[in-house]
4 protein chains.
Amino acid sequence: MSQPVRFALIGTGRIGQVHAASIHRSPDAVLTVAADAVVAGAQRTVARFGGRATADALEAVAADDVDAVVIASPTPTHVDLLAAALAAGKAVLCEKPIDLDITRVDAVRERARTASTPVVLGFNRRFDPHFAELRRRVRAGEIGRLEHLAITSRDPQAPPADYVRVSGGIFRDMAIHDFDTARSFVPDVVSVTAVGLRQFDADTAAAGDFDAAVTTLVGAGGESVTITNSRHSAYGYDQRLEAFGDGGMLEVGNVTPTLVRSSTATASSAGEPYRPFFLERYRDAYERELAAFVAAVRGDLAPGVPGFEDGRAALLLADAAETSARQGRTVAVDLG
Amino acid sequence: MSQPVRFALIGTGRIGQVHAASIHRSPDAVLTVAADAVVAGAQRTVARFGGRATADALEAVAADDVDAVVIASPTPTHVDLLAAALAAGKAVLCEKPIDLDITRVDAVRERARTASTPVVLGFNRRFDPHFAELRRRVRAGEIGRLEHLAITSRDPQAPPADYVRVSGGIFRDMAIHDFDTARSFVPDVVSVTAVGLRQFDADTAAAGDFDAAVTTLVGAGGESVTITNSRHSAYGYDQRLEAFGDGGMLEVGNVTPTLVRSSTATASSAGEPYRPFFLERYRDAYERELAAFVAAVRGDLAPGVPGFEDGRAALLLADAAETSARQGRTVAVDLG
Amino acid sequence: MSQPVRFALIGTGRIGQVHAASIHRSPDAVLTVAADAVVAGAQRTVARFGGRATADALEAVAADDVDAVVIASPTPTHVDLLAAALAAGKAVLCEKPIDLDITRVDAVRERARTASTPVVLGFNRRFDPHFAELRRRVRAGEIGRLEHLAITSRDPQAPPADYVRVSGGIFRDMAIHDFDTARSFVPDVVSVTAVGLRQFDADTAAAGDFDAAVTTLVGAGGESVTITNSRHSAYGYDQRLEAFGDGGMLEVGNVTPTLVRSSTATASSAGEPYRPFFLERYRDAYERELAAFVAAVRGDLAPGVPGFEDGRAALLLADAAETSARQGRTVAVDLG
Amino acid sequence: MSQPVRFALIGTGRIGQVHAASIHRSPDAVLTVAADAVVAGAQRTVARFGGRATADALEAVAADDVDAVVIASPTPTHVDLLAAALAAGKAVLCEKPIDLDITRVDAVRERARTASTPVVLGFNRRFDPHFAELRRRVRAGEIGRLEHLAITSRDPQAPPADYVRVSGGIFRDMAIHDFDTARSFVPDVVSVTAVGLRQFDADTAAAGDFDAAVTTLVGAGGESVTITNSRHSAYGYDQRLEAFGDGGMLEVGNVTPTLVRSSTATASSAGEPYRPFFLERYRDAYERELAAFVAAVRGDLAPGVPGFEDGRAALLLADAAETSARQGRTVAVDLG
């Protein structure tokens, strides 16, 4: 068997912990160094999962005993870390988004394009076993020609006002996942029509942002995609997918912790509440994402694993949706 | 079009009302006379659904303007009314059971066998569209050779103590429906193994009866049937069916009034409470039962419509189950 | 009991037959006269359900022994028949749409507004027991404040090219039902954003029409409604509803003939194919529609029963959607 | 953090591999030695998951660097290895059954009872997250007093004839899992009524065994449990549970790999085929079983983790079921 891939983990917050655990559970990966500006976080991580701790992300990225870097630090640091890692010849798994500003993304685009090591974008939904299986069956032709995709994506609750202000807005911060999901079915999107809504959150409205949105994409082949977003959902994290082809329909509903169902005098066949948020809903996806990245590092990049260009395209769609919602008109896009 | 079949309805209680409404809704049936010892009940019925009222059941049965008789009066009257109707050359739809005493059933058996008019037994489950469709698909060979049938049958709540004492016991009163359902799949039952239970109802125990039971039937071809009965069910009337063959499985779950499902912070995809009891659960079945009877009167007796012999066989199985439960042993039966 | 309401039925085609059967099954209604330009159709109808036949619709509408008129004739005849019926003091149940041209609708608006008898529009979905129960629970506050409504509405297959050309287009012909459903939850719609699609049907494209569409409505209270339409659906008639409030979610899925589910080596828990089209899917709805109309004739107009103004508002929304789809912009509407 | 528990794994066949992988994935466990009479199997295991290989099970059991032993070797070796491990002061996770012969089980009973280290029986269903959650909710009183438990348990296909002959019969080999599940809800079983069936497998019949069975247990509190077994199931591994209390019902259906559902012209909402067999169906359960065992080794034995006495009780019930099926009578049992 090959030697395990040696990892530097940059950022040991909530999502960094998820990646550290995935590295530990994989027989093909090992954590060499964890970096965090708050070094105590890095220290707690290596105490549980192995490796050394540092406050210096660039040192970790460049270390000789590191083959691959997971960028799980705050968004504004992504572009520089990505550039540094590629310059050091390291493979990169970068959390989304690359950046909120397309000009900053484009500034590293050429470097990513010509890098000798893979860049994988952390669009977790691509690796969800339910969605991936639906996509596999669509691609296998089971429902014929794909005509429509319906994406439902509601977060459990609006983020704090502080976060909303720096989030980049609902399209760049939240819907960007769904734009990528859309593109995993319909890569070549040609137009965006979005309706922005202010339904419940005063902080979001005060920030000039929307707390809900409905976006319709049209693909070059005439396919349509609807994305329904809300910043809250009383019944848990709502992540559903439905694909409609000229031969049938495939769908994935929400996930419950177990299959227990209850029937009483007031309700029948009631399931458990849905998974509360992404850490629980996409637990398996994160483990599969790490595995796909490890395979890519070893030269086996599977089709459908999202890369730099996918991260850029999702941001372009978010920008177009923002424009459409604010101007009340359909916006043409060119993702080429 | 043919003239509507002219009906005498004997008994205008709860189930009599159901039959009166079915007769009204059918373009092929008309209510000529309703009889009830409590003549006010008969009068109320004809005020709504047409025809004349009488307190004299035998007069109604014998009337010249009557083609067919629905016997929906108390069980002890069934045998005599059945005999009278057949003697008068009338077709009969008789509510179950024919009688609680097999000797009284056998006393009219020959008359039923040689009658020129059809006798249909009111085993409503035979006419349920869900169960009937499952049976049709089993017979069409969709799951290969039938090996096992699981019948779940729980009433919403135990009947009053007064009723329990004259009911004939859980097997003859309640499970008899399920014995007939079993025979609609596996007509030739050769053994009965029953376990009687006293789980919750003191009145039932005081009457020497069981309030729950588990019965296993074995067919001549080695098929097994399990029947799970309880006299109460906190979540509504529980009527389910599952057929297991060497090629697959078919099942019918419980019915809700509508398909509305609810998701909240405490439960997901919760359906409405199940139908409360048989009048609601088997509403469509009663209408189809009447239609099948009308067809039989017109000479078109569909396969699977239960007759006198089916009523007798179900009682024999109930008697055997009672013996098995009381003696703790498997009882061989001969339904021939 | 009151005397049954006496009906004239105008139009004895497919949908006319449905109404004739509903009238027959109701203990509170009777068919007095059926009119059809093709008198043989009227004759066949009365042979089955009673009454007399005529080729003269206006004579039927004006007849003394008629209390109420069902207009089920071709769309271009609706406005004149409606006016004639109201002039004769008859109650009217009019199939949708009132007309495809808003100016013709407006020409009879005042007469409808001032009529002494009720006008009920045949938006069958309003009477569907599943959708009605969902709406009842939304109105009862079960999911808190309504924020979003998702309507899925796909016909089984595109109509013939001849029909497409005179249909008025996907919005006025097909989506009009969904606009009314939207308004039964969010009556005061203020803007319409629609995307029209040409995905599969060459005849529709040749007629300059769309074969699929995605429409987003926004209500005065900030509510959003998405309507997803397609002129074909490989898996049967697709009619679903989902209501999202700040306290939870309610949904209604598609209807199968029975609850039989099948599990085999290749699929688990597979239901029967969905109902093929509206006659099967909305069978109960038509019977309830007739009952609601009978109640209205007797002076008991239930809240939520759609009237003339609802028919007009749905057409206004369809017109706005057409404009939006063709011009690629959000269109403001005023339904007042 | 504490040091990882050091494991000896005895037996590296199919189920041994599952345990080796669980040990690897746990941050609290490490594989020290793997033993197999076929030493190449042990060698392959340690190459993947670490540790040393040996052909000598007793040496592995007694090794100083071993804290805990997993017994996954053939059934006839269990009793001796269990005794040796306990004698060496090691904790034991023993695959079911302890032995097929109750006298051999009873011969080590006292040693197990007085051991200073825990003995955990590998009844995987106890650790299944679905079943465990259902049990937790029953114990929490959610459905009131438990009255009935229905266990459905069908293997995908009959084992080879060679295996059938040494299996101990359907009750001791297969249903023993279900007897333990029954006891995890109703520990004190007082009677067993079983019906043995020969429905499809000639080899099984030739061996004098049954290929299907229906067993009814009664608990000291009057609770009933039905177990429906078959040696084959065309639609995959069928493992379901339903608990009926005086306050409601809880159920767990079968598991599919993902939640994708398909609707076509011939079926609606069809799920994927169920998990094929126990390795896939109980994957999570095995990982949780290992975790529960590690916790027990560290002194934290959770309630409901099955031990030696549970293994013995399940065998007593299997023996009673065998007697009942062969003699056609209810058999009283005393598990004390």
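In this text, all values refer to a predicted model and were calculated from it rather than measured experimentally. (Residues numbered from 1 in each chain as written. Chains lettered and ligands numbered in written order. Predicted model: local features only at pLDDT ≥ 70, side-chain atom pairs only at ≥ 80, totals over all residues. Heavy atoms only, no water.)

*Asks:* How would you explain the sheet that holds strand β4 (residues 68–71) of chain A if you had to name every residue and give the values?
*Replies:* Residue and element names in this part refer to chain A. The six strands lie next to each other as β3-β2-β1-β4-β5-β6, forming an open sheet whose pairing is parallel. Single-partner strands in this sheet number two, and they are β3 (52–54) and β6 (119–122). Between one strand and the next, the sheet's axes are offset by a mean angle of 20°, whatever the strand orientation. Summarising the sheet, strand β1 (residues 5–10) and β4 pair through four bridges and their orientation is parallel. (Pairing = 2+ DSSP bridges. Helix = DSSP H or I, 4+ residues; strand = E, 2+ residues; numbered from the N terminus. Axes fitted to C-alpha atoms, helices over the stretch in contact; angles between N-to-C directions.)

*Asks:* Give a description of the pairing of strand β4 (residues 68–71) of chain C that names residues and reports values.
*Replies:* A regular strand carries its side chains on alternate faces of the sheet. What you see with β4 of chain C is no split at all: Ala68 and Val70 of chain C on one side and Val69 and Ile71 of chain C on the other are buried throughout. Following the chain from β4 of chain C across helix α4 (residues 78–87) of chain C to the adjacent parallel strand β5 (residues 91–95) of chain C, one finds a crossover that is right-handed. (Buried < 20%, exposed > 50% of the residue type's maximum accessible area, 1.4 Å probe, protein only. Right-handed = clockwise from strand over helix to strand, strands pointing away.)

*Asks:* Summarise the side chain of Ser22 of chain D; cite the residues concerned and give the values.
*Replies:* Position of Ser22 of chain D relative to the elements: it lies in helix α1 (residues 14–25). Excluding anything up to four places from it in sequence, Ser22 of chain D contacts Tyr286, Glu287 and Leu290 of chain D. (Contact = heavy atoms within 4.5 Å.)

*Asks:* So what about the packing of helix α1 (residues 14–25) of chain A against helix α12 (residues 283–297) of chain A? Which residues, and what values?
*Replies:* The packing of two helices is summarised by the inter-axis angle and the distance between the axes. All names here are of chain A. It is the contact of α1 with α12, at a shortest axis distance of 9 Å, that shows an interaxial angle of 60°. Judged on the interaxial angle alone, α12 and α1 are oblique. In this structure, the crossing between α1 and α12 has a hand that is right-handed. Residues Ile15, Val18, His19, Ser22, Ile23 and Arg25 of α1 touch α12, and the partners they reach there are Tyr286, Glu287, Glu289 and Leu290. Here the residues of the contact of α1 with α12 are counted per class, giving five nonpolar, two polar and three charged. (Parallel < 35°, antiparallel > 145°, perpendicular 65-115°, else oblique. Left-handed = near helix turned anticlockwise from the far one by under 90°. Nonpolar A, V, L, I, M, F, W, Y, C, P; charged D, E, K, R; others polar.)

*Asks:* Can you explain the pairing of strand β6 (residues 119–122) of chain C? Please cite residues and give values.
*Replies:* All names here are of chain C. Residues Val119 and Leu121 point to one face of β6 and Val120 and Gly122 to the other, with burial holding for every one of them. With four bridges joining them, β5 and β6 adopt parallel strand pairing. From the neighbouring strand, Glu95 faces β6, where its bridge partner is Gly122. For the segment spanning β5, helix α5 (residues 102–114) and β6, crossover handedness is right-handed.

*Asks:* Give a description of the interface of chain A and chain D that names residues and reports values.
*Replies:* Contacts between the two partners involve 32 residues from chain A and, on the opposite side, 32 residues from chain D. When the buried area of chain A at its contact with chain D is split by residue, Arg25, Leu259 and Val260 of chain A rank highest and sum to 23% of it. Counting across the interface, chain A meets chain D through two salt bridges. Where Arg25 of chain A meets Glu287 of chain D, a salt bridge forms, and the shortest distance between an N and an O atom there is 2.7 Å. Viewed at the interface, chain D and chain A are joined by eight residue pairs in polar contact (both at pLDDT 80 or more). Among the residues making up the side of chain A that touches chain D, the classes are represented as 11 nonpolar, 12 polar and nine charged. Pairing geometry for strand β13 (residues 260–263) of chain A and strand β12 (residues 248–252) of chain D, over four bridges, is antiparallel. Its bridge partner lying in β12 of chain D, Ser262 of chain A is registered against Leu250 of chain D. (Buried area = accessible area lost by both parts, 1.4 Å probe. Salt bridge = Lys/Arg side-chain N within 4 Å of Asp/Glu carboxyl O. Polar contact = N/O pair within 3.5 Å; in protein donor to acceptor, adjacent residues only side chain to side chain.)

*Asks:* So what's going on with unusual backbone geometry? Which residues, and what values?
*Replies:* Residue and element names in this part refer to chain A. A cis amide bond links Lys96 to the next residue, Pro97, at an omega of -10°. For Ser269, which is not glycine, the phi torsion reads 55° and is therefore positive. When you line up the elements, Ser269 lands in the loop between β13 and β14 (270–271). In this structure Ser269 comes out as buried when scored by relative accessible area, which is 14%.

*Asks:* Which residues make up the UniProt feature "domain: Gfo/Idh/MocA-like oxidoreductase N-terminal" (unreviewed entry) in chain A, and what are the values?
*Replies:* The positions UniProt marks with the feature "domain: Gfo/Idh/MocA-like oxidoreductase N-terminal" (unreviewed entry) are residues 5–122 of chain A. Taken end to end, residues 5–122 of chain A is 44% helix and 25% strand, and its two terminal C-alpha atoms sit 18 Å from one another. (UniProt positions renumbered as here; feature names shortened; annotations may be inferred.)

*Asks:* I'd like a rundown of the pattern of salt bridges, residues and numbers included.
*Replies:* Considering all chains together, one arrives at 108 salt bridges over all chains under this definition. We note a salt bridge from Asp178 of chain A to Arg125 of chain A, for which the minimum N-O separation is 4.0 Å. Taken together, the residues Asp178 of chain A in helix α9 (residues 175–185) and Arg125 of chain A in the loop between β6 and α6 (129–139) connect sequence positions 53 residues apart. Across the pair, exposure class does not vary: Asp178 of chain A and Arg125 of chain A are buried alike. Between Asp128 of chain A and Arg281 of chain A there is a salt bridge, with the nearest N and O atoms lying 2.7 Å from each other. Taken together, the positions of Asp128 of chain A in the loop between β6 and α6 and Arg281 of chain A in helix α11 (residues 278–281) put the pair 153 residues apart, joining distant regions of the chain. A single burial state applies to Asp128 of chain A and to Arg281 of chain A, both of which are buried. When salt bridges with common partners are traced through the structure, they connect Arg25 and Glu287 of chain A together with Arg25 and Glu287 of chain D into a single cluster.

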